[in-house]
Amino acid sequence: MQPDASRPSELIYGLDDRPQPLPALLAALQHVLASFVGIITPPLVIGSALGLSAYLPYLISMALMVSGVGTFIQARRPWGIGAGMICLQGTSFAFLGAVLSAGFLVKQRGGSPEDILAMIFGVCFFGALVQIVLSRFIGRLRRVITPLVTGIVITLIGISLIKVGITDLGGGFNAADFGAPGNLGLGLLVLLTIILLNRATPRGCASAPSSSAWPWAAWRPGSAASWCPSRCRTCR
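Please read these numbers as outputs of a predicted model, since none were measured by experiment.

Here is what the cut-offs are and how they apply
- Residues numbered from 1 in each chain as written.
- Predicted model: local features only at pLDDT ≥ 70, side-chain atom pairs only at ≥ 80, totals over all residues.
- Heavy atoms only, no water.
- Patch = residues over 30% accessible without salt bridge, like charges linked within 9 Å, V, L, I, M, F, W, Y side chains within 5 Å.
- Areas by Shrake-Rupley, 256 points an atom, 1.4 Å probe, with all protein chains shown as cover.
- Salt bridge = Lys/Arg side-chain N within 4 Å of Asp/Glu carboxyl O.
- Helix = DSSP H or I, 4+ residues; strand = E, 2+ residues; numbered from the N terminus.
- Expected span 1.5 Å × (residues − 1).
- Bend = angle between axes of the 7 residues up to and from the residue.
- Buried < 20%, exposed > 50% of the residue type's maximum accessible area, 1.4 Å probe, protein only.
- Polar contact = N/O pair within 3.5 Å; in protein donor to acceptor, adjacent residues only side chain to side chain.
- Axes fitted to C-alpha atoms, helices over the stretch in contact; angles between N-to-C directions.
- Left-handed = near helix turned anticlockwise from the far one by under 90°.
- Contact = heavy atoms within 4.5 Å.
- Nonpolar A, V, L, I, M, F, W, Y, C, P; charged D, E, K, R; others polar.
- Core = buried A, V, L, I, M, F, W, Y, C linked by side-chain atoms within 4.5 Å.

1. Regarding a nonpolar patch on the surface
Right, so step 1: Residues Met65, Val66, Val69, Phe72, Ile73, Trp79 and Ile81 make up a contiguous nonpolar surface patch of roughly 810 Å² in combined accessible area.
Right, so step 2: Relative to the elements of secondary structure, phenylalanine 72 occurs in helix α2 (residues 56-76).

2. Section: helix α1 (residues 21-49)
Right, so step 1: In this model α1 runs 42 Å from its N-terminal to its C-terminal C-alpha over 29 residues, within 8% of the 42 Å that 1.5 Å per residue would give.
Right, so step 2: Along α1, the largest kink reaches about 35° and is centred on serine 35.
Right, so step 3: Among all positions in α1, only Pro23, Leu26, Ala27, Ser35, Ile39, Ile40, Pro42, Pro43, Val45, Ile46, Gly47 and Ala49 are buried.

3. What to know about the side chain of serine 35
Right, so step 1: Note on placement: serine 35 falls in helix α1.
Right, so step 2: At 2.9 Å, the side chain of serine 35 forms a polar contact with the backbone oxygen of histidine 31.
Right, so step 3: There is a polar contact of 3.3 Å between the side chain of serine 35 and the backbone oxygen of valine 32.

4. What about the packing of helix α3 (residues 96-108) against helix α4 (residues 113-135)?
Right, so step 1: At their nearest, the axes of α3 and α4 sit 9 Å apart, and the two run at 145° to each other. In the packing of α3 onto α4, the handedness of the crossing is right-handed. Here Val99, Ala102, Gly103, Val106 and Lys107 of α3 come into contact with α4, specifically with Asp115, Ile116, Met119, Ile120, Val123 and Cys124.
Right, so step 2: Its residues assigned to classes, the contact of α3 with α4 shows 8 nonpolar, 1 polar and 2 charged.

5. What about the nonpolar core?
Right, so step 1: Residues Ile46, Leu50, Leu52, Leu100, Ile116 and Ile120 are the most contacted members of the largest nonpolar core, which totals 14 residues.
Right, so step 2: Contributing elements (two or more residues each) for this core: α1, α3 and α4.
Right, so step 3: Take this core: its biggest share by element is 4 residues, from α3.
Right, so step 4: Non-local contacts of isoleucine 120, meaning those with residues more than four positions away in its chain, are made with Ile46, Leu50, Leu52 and Val99.

6. So, the packing of α1 against α2
Right, so step 1: For the pair α1 and α2, interaxial distance at closest approach is 9 Å and the crossing angle is 145°. For the pair α1 and α2, the crossing hand works out as right-handed. Judged by residue contacts, Phe36, Ile39, Ile40, Pro43, Leu44 and Gly47 of α1 engage Leu56, Leu59, Ile60, Ala63, Leu64 and Ser67 from α2.
Right, so step 2: Across the contact of α1 with α2, the residue classes tally to 10 nonpolar, 2 polar and no charged.

7. Concerning the environment of valine 164
Right, so step 1: Looking at the element boundaries, valine 164 is found in helix α7 (residues 162-170).
Right, so step 2: Judged by relative accessible area, which is 14%, valine 164 ranks as buried.
Right, so step 3: Along the primary structure valine 164 and valine 45 are separated by 119 residues, whereas in three dimensions their C-alpha atoms are 7.4 Å apart.

Right, dumping it as structure tokens:
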């Protein structure tokens, strides 16, 4: 089916358009701030749970570096590899269960931190190859991996992280002041802030600024002019 040429596009920028320097800078900064916590949290969880505290700086630095390289490849498409768009690459919570299980298996057998890291890297390397192969059949897999299946998987990921979240809420693994009122109060404050900001955001809006209100809307959570590339009806 051919697209309706008479229908005006709702996109602010086309695929090959280049925003002005100031909007581009603010959008880039917003992407970095939004993705930073999500990228470093899985290494923090893995390092804390498996007793790899001495290697945490290395794991976090490696996660950030690989995220940057992967995102650059997706955006610039060297040798035809990538989507040609800013598809942010980074660590994923989807694999925490498998990684932690492999690490605990080695730890229970008396393995050293180096042995645990070797197991984790080996599992990740093998998993990456499996994903590369499956990506060639993603069209056919959609008949099996339906929205119901993916929704259940995402729900199970969240359920599996409840223990980690509650532990961090109390102060962290092996914290001397675990469960102290200050730790609980700080955690509840963060939770309430997230809920309030979520309720303040217009429904249907993706996040980040448009049109002439651009530079200022980027810093106002819940603003109707916030970064909505498709300019949904809520944000107009």
